[in-house]
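What follows is each chain in one-letter form.
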Amino acid sequence: MGVGVGVRMNSVAVGLSRDLAPKRVMRAVAYGHDLAVWRDGENGLHAWDNRCPHRGMRLSHGFVRGDRLACLYHGWQYRKDGGCAYIPAHPGLEPPETIRAQTYSVIEKSGVIWVSTGNDAQGVDTGPVSEPLRSLTFFCAEAIARAAFEDTPFAGNLPQVESTGRLVAGGHPVAVLANPVTESETLIHVLTSAGVGIAAKKALSRWCEAARSVAERQAA
Ligand code: FES
């Protein structure tokens with residue numbers, strides 16, 4: 001299965017694994033849903049609706065306590081399955097099962113966090129092209145962002161497009177993963193191979209920025 005230009009998935013790349021440390025929470029977006037993505041104390045990964053069932057506070061502002069995510073506002077704590085485990089204002093109360101955060105299917109593959117709004121987050125196996133290069137926000141539609149990578153020269157030459165959908169820029173393999181945040185904003189994650197040296201990574205990073213300029217000029 002291809003990984004780059006023009007390929008759509010049942011799951012979307014919401015972030016790079018390296019950007020979410022253990023016991024941390026980050027905000028993300030998948031298919032227009034605002035998410036809180038967090039790692040529990042055993043490094044388990046979770047993706048939830050970014051809304052506390054109590055009064056709607058963003059759970060991405062919360063904090064991790066062992067295997068629970070606690071809301072910043074009134075401190076309600078939620079188990080890994082999304083069910084409410086503890087309400088500080090009523091410490092003797094066993095919270096009803098009906099109080100639970102909306103959970104989504106999430107996995108990690110090729111150094112990327114993938115979320116599905118269905119039951120089966122799969123992600124893409126990018127094979128050896130699994131070294132995170134960088135993430136960038138493009139203020140344009142997904143299709144424009146993807147196409148810009150094909151249309152932006154690297155060291156004077158346009159990149160080649162492989163049958164897998166991957167690109168080869170200046171001899172360096174590149175996977176471009178796109179997350180359409182809105183119709184005019186796209187989050188892009190770029191991967192390359194572990195063997196690519198520092199100087200080449202810097203050059204690829206500048207090429208990504210050039211692609212962003214191309215895309216945003218076209219969208220303007
Ligand atoms: S809004 Fe989250 S605990 Fe009250």
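Parameters and conventions
Every chain is numbered on its own, with residues counted from 1 as its sequence reads. Per-residue local features are limited, in this predicted model, to residues with pLDDT of at least 70; the limit for side-chain atom pairs, both in listing and counting, is 80 or more; totals at the level of whole chains, interfaces and linings are taken over all residues. Side-chain measures were taken over the full set of non-hydrogen atoms in the model, leaving aside hydrogen atoms and water. Under the DSSP-based scheme used, a helix requires at least four consecutive residues in state H or I and a strand at least two consecutive residues in state E, with every element numbered from the N terminus. The buried label applies to any residue whose accessible area, calculated with a 1.4 Å probe on protein chains only, is under 20% of its type's maximum; exposed applies above 50%, and partly exposed to all values in between. Contact criterion: two residues are considered in contact whenever any of their non-hydrogen atoms come within 4.5 Å of each other. None of His or the chain ends enter the tally, which takes Lys and Arg as positive and Asp and Glu as negative. The atoms used to mark charge sites are NZ of Lys, CZ of Arg, CG of Asp and CD of Glu. Along the chain, pLDDT gives the predictor's confidence residue by residue, from 0 to 100. Simply put, an axis is a line fit to the C-alpha atoms, just over the touching stretch for a helix, and the angle between two N-to-C directions goes from 0 to 180 degrees. Here is the rule for angles: anything less than 35 degrees is roughly parallel, anything more than 145 is roughly antiparallel, 65 through 115 is roughly perpendicular, and the remaining ranges are oblique. Two helices cross in a left-handed way if the nearer one is turned anticlockwise from the farther one by less than a right angle. They cross in a right-handed way if the turn is clockwise. For this classification, Asp, Glu, Lys and Arg are treated as charged, while Ala, Val, Leu, Ile, Met, Phe, Trp, Tyr, Cys and Pro are nonpolar and the rest, including Gly, are polar.

Chemist: Even after reading the chapter, I still don't get the overall build of the chain, so can you show me in this structure?
Modeler: Of the regular secondary structure elements, the chain holds two helices and 15 strands. Taking the principal axes of its C-alpha atoms as reference, the chain extends roughly 70 × 35 × 30 Å. Residues counted as buried form 47% of the 220 residues belonging to the chain. Of all intrachain contacts in the chain linking residues separated by at least 6 positions in sequence, the fraction that spans at least 24 positions is 53%. Side-chain charges in the chain split into 23 positive and 21 negative, and the spacing between the mean points of these groups amounts to 6 Å.

Chemist: Help me out: how do you make sense of the confidence of the model for the chain in this one?
Modeler: Predicted coordinates in regions of low pLDDT should not be interpreted in detail. Per-residue pLDDT for the chain averages 93, and the proportion of residues at 70 or more is 96%. Below pLDDT 50 for its whole length, residues 1–8 participates in 27 contacts with residues either more than four positions away or in separate chains.

Chemist: Would you mind going over the packing of helix α1 (residues 142–151) against helix α2 (residues 198–219) with me for this structure?
Modeler: Geometrically, a packed helix pair is captured by the angle between its two axes and the distance between the axes. At a closest axis distance of 8 Å, the pairing of α1 and α2 adopts a crossing angle of 130 degrees. As the angle between them shows, α1 and α2 are arranged oblique. When the axes of α1 and α2 are compared, the crossing they make is right-handed. Contacts between α1 and α2 involve Ile144, Ala145, Ala148 and Phe149 from the first element and Trp207, Cys208, Ala211, Val214, Ala215, Gln218 and Ala219 from the second. For the contact of α1 with α2, the per-class residue count stands at 10 nonpolar, one polar and no charged.

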